[in-house]
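# Structural characterization, general
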Amino acid sequence: MGKKKQEMSQVYNNSNNEFIFGENGGKGKHLSSFLKNLSLTGTSSTSSVHSANTDNIHEINSNIYGTLGYSSSKVSSNQSNSGPPPKRSVSYKDLDDDWDADIDVSTDSVVRRSPDNRNLSRVTKVESNTSSRSSFNLQPSPMLDSLYPDLTLPATNSSVNLNSQKPTNEESLDVEDYRTTMEINRLNQISSRNNKFRNILISDSIVNLQDLRKLAWNGIPSELRALTWQILLGYLPTNRARQASTLKRKRQEYLEGLNASTIDFEDTAPSNSSSLYHQIKIDVRRTNQSIKLYGYPETQQSLRKLLYLWAVRHPASGYVQGINDLCTPFFQIFLLNYIWQLQQRVLSILEADTYWCLSRLLENITDNYIHEQPGIIRQVGDLRNLISKIDLELLNHLDHEGVEFLQFSFRWMNCLLMRELSISLIVRMWDTYLSETPLGFNNFHVYVCAAFLIKFSNDLKEKDFQEILLFLQNPPTGHWKEKDIELMLSEAFIWQSLYKNASAHLR
Amino acid sequence: MSGRKKTLLKVIILGDSGVGKTSLMQQFVNNKFSHQYKATIGADFLTKEISIDGNKQVTLQIWDTAGQERFQSLGVAFYRGADCCVLCYDVTNEKSLNNLTSWKDEFLVQSNVSNPQDFPFIIIGNKIDVDEAKKIPSLQKKLQNITNNQLGGLNYPVFETSAKDGINVEAAFEVIAKMALQQEELNDANGNDVSDDYNDAINIHLESESSGCAC
Ligand SMILES: Nc1nc2c(ncn2[C@@H]2O[C@H](COP(=O)(O)OP(=O)(O)OP(=O)(O)O)[C@@H](O)[C@H]2O)c(=O)[nH]1
Ligand SMILES: [Mg+2]
């Protein structure tokens, strides 16, 4: 994982922790406190603005998080944690340059450094800041442990932290200073981005889709991703007053759909005679088995349910292998938002949301999965055309070696490159796809595939038929970072603007 | 031709989704079994060098195809130039056995082989490691029906394997290689070298057209 991502995920994981360990166990209403605390902008001077927004934030998030019909009973009791600890990410915004290297430092390295009194006092200051702003009562605790609650996380020390253990010579201190400054810049960038998102999502009664797309094209902060995706997909209406009721209705509809089916979705159920269900069952068992989440019986049952329902509701294509892959980003992203209260009811909500978003996505590419898959055949042809314009030499080489585009790019279209790229990169890619109009899963995807292929142009030109296909069956993307994806997306964007209109009549 | 460069034999594995085609290929080529293989989309191939009858070195290019019916029209892109076709079923799934005939027919239609009457096929029944109870009842009788010339018309060698435990996989592929080599040589002799078609489409066309006249 790239450093940036590691850190992002830490910021994100912190938020989970608050949900999980927080006082009220993550009932929806605390999300607003969380967001407010997160307030990456947050000099105290802006706090009035924040409280003005609080209701809005509360409202918007309760749409997703709050009115899910959870009973609030089970949360409670474990108050020994002295309330939701302030988030680490809270801390850095009003900090001086000299300390924020600790942001990503696990608790024990903070402790290690704590003889340096600056740290301790800052921490305390931040803490009181936070509590004065937050709606709940924070017991000021000198315990570092409660300030840095994510002890459950393995200490993912970056090199900065490693250095910080032994500031033995001047040089390493300089390096550390430099890195610290960089770190602050980076975090500031993240925080202003987060605010822009938040403004769009909450400032008007109608979410401005244009603005949201523009912003989201370049990536969505992970804690706002679920919400943003659902809006971009049109699952969640832009009219915020209607969001809650829509969700409620959709989730109910999903459950009713399931109830109408006669399938026993238990894994242990005797093998069913329906060949549709059989196909789904064997594929779910083979979905992302390298990721632990997909090994759990609960996950598998959810996927079976939603895929089955989708298939019977869309008889023109029915279930086609690969669609199982397409639902996983939704499942995973939405899960991260519900994880603080993972239990049966949440699971069905998670399923319902995944189901509807998957449906929305697939509406854009129905031709990919109907008989003879004409959508994919067209895309493969478009890809070939594009390459003839962008990299004729490569095309000639492929032709000369007898490599057909269908042989390697069919899967790229059928699974939207999910077999070629890790899921975290796919998630970033979908931020952009979802921000395109029309959604990028159809035409824009072809430009992305072109950029993807051309990445390897030089390698491929050296290879013969067999080597080319073996290479493309398993392209070396294991070390790719978000940056690589973003570069690819920009290239695709440029080519799309260059060739979009030309492509129709050149075909 | 085969004297000059190493012989390349193209083998296609067909059969319903989930019968274990990917697992068989992985077991044969990499000697391993994993529950993490994903469903095959399109087709993949792996290669393995083997020697036939202890002297002739060949490269097997084994194509593992997708089993779901929706993908069947893709065959054209993958079947061409095949030297042998492996029809797979799952010994716990009767439907997969019944479908073998249509897999064969589909293959012949899409591969456009020159000798459909005597093109080499072989049948593999996979997953023999599973409990007896889960297997198709009276499997042998059904198998006989299908492989009987009069009834099912699939009068081909049959191997029962376990890709999981590596039972009989090696033996099956040995026979596959031999049959593929025969087919290759037959094509060579006929000057009808479809097997290299996919490798050098243009040249081969010239070659086969000019094969009748002297050079
Ligand atoms: N017990 C047992 N299970 C097997 C064996 N071979 C494969 N399987 C299992 O059967 C399932 C399907 O195996 P695959 O090899 O992916 O099947 P496939 O024929 O390639 O399927 P498609 O790619 O969808 O066409 C997997 O869960 C395998 O673990 C075997 O010999 N014994
Ligand atoms: Mg397979």
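Worth saying up front: this structure is predicted, and the values here are computed from it rather than measured.

### Thoughts on the environment of Ser205(A)
All names here are of chain A. Examined against the element boundaries, Ser-205 turns out to sit in the loop between α9 (170-202) and α10 (209-216). According to the C-beta neighbour criterion, Ser-205 is exposed, with 11 such atoms within 10 Å. Sequence separation between Ser-205 and Asn-239 is 34 residues, and the spatial gap between their C-alpha atoms is 6.1 Å. When sequence neighbours within four positions are dropped, the list of residues in contact with Ser-205 reads Asn-239, Arg-240 and Ala-241.

### Some details on helix α14 (residues 297-313) of chain A
In a regular helix each residue adds 1.5 Å, so 17 residues correspond to 24 Å; α14(A) covers 24 Å between its end C-alpha atoms and thus fits that length. Among all positions of α14(A), only Thr299(A), Ser302(A), Leu303(A), Arg304(A), Lys305(A), Leu306(A), Leu307(A), Tyr308(A), Leu309(A) and Trp310(A) are buried.

### Topic: the site of ligand 1
Close to ligand 1 lie 24 residues, the nearest being Gly20(B), Thr22(B), Ser23(B), Thr40(B) and Gly67(B). Looking at what sits near ligand 1, you find residues from chains A and B. Top element by residues in the shell around ligand 1 is helix α1 (residues 21-30) of chain B. It accounts for three residues. Classifying every residue of the shell around ligand 1 by side-chain character gives seven nonpolar, eleven polar and six charged.

### Re the nonpolar core
Grouped together as the largest cluster of nonpolar side chains are 148 residues, with contacts concentrated most on Ala450(A), Val11(B), Ile12(B), Ile13(B), Val86(B) and Ile176(B). In terms of residue count, the dominant contributor to this core is helix α22 (residues 443-455) of chain A (nine residues). Leaving out residues up to four positions away in the same chain, Ile13(B) has contacts with Lys21(B), Leu24(B), Met25(B), Ile62(B), Trp63(B), Asp64(B), Thr65(B), Val86(B) and Cys88(B).

### Some details on the pairing of strand β3 (residues 56-65) of chain B
Residue and element names in this part refer to chain B. With respect to burial, β3 is a largely interior element, seven of its ten residues being buried. Sheet topology note: the strand β1 (residues 7-15)/β3 ladder contains seven bridges and is parallel. Counted as the bridge partner of Ile-13 is Asp-64 from β3. When strand β2 (residues 43-52) meets β3, the two strands line up antiparallel, connected through ten bridges. Across the sheet, Leu-46 pairs through a bridge with Ile-62, a residue of β3. What sits between the antiparallel neighbours β2 and β3 is a turn of three residues, in which Asp-53 has the positive phi angle 55°.

Conventions we followed
Residues numbered from 1 in each chain as written. Chains lettered and ligands numbered in written order. Predicted model: local features only at pLDDT ≥ 70, side-chain atom pairs only at ≥ 80, totals over all residues. Helix = DSSP H or I, 4+ residues; strand = E, 2+ residues; numbered from the N terminus. Buried ≥ 20, exposed ≤ 12 C-beta atoms within 10 Å, placed from the backbone. Contact = placed C-beta atoms within 7 Å. Expected span 1.5 Å × (residues − 1). Near = placed C-beta within 6 Å. Nonpolar A, V, L, I, M, F, W, Y, C, P; charged D, E, K, R; others polar. Core = buried A, V, L, I, M, F, W, Y, C linked by C-beta atoms within 7 Å. Pairing = 2+ DSSP bridges.

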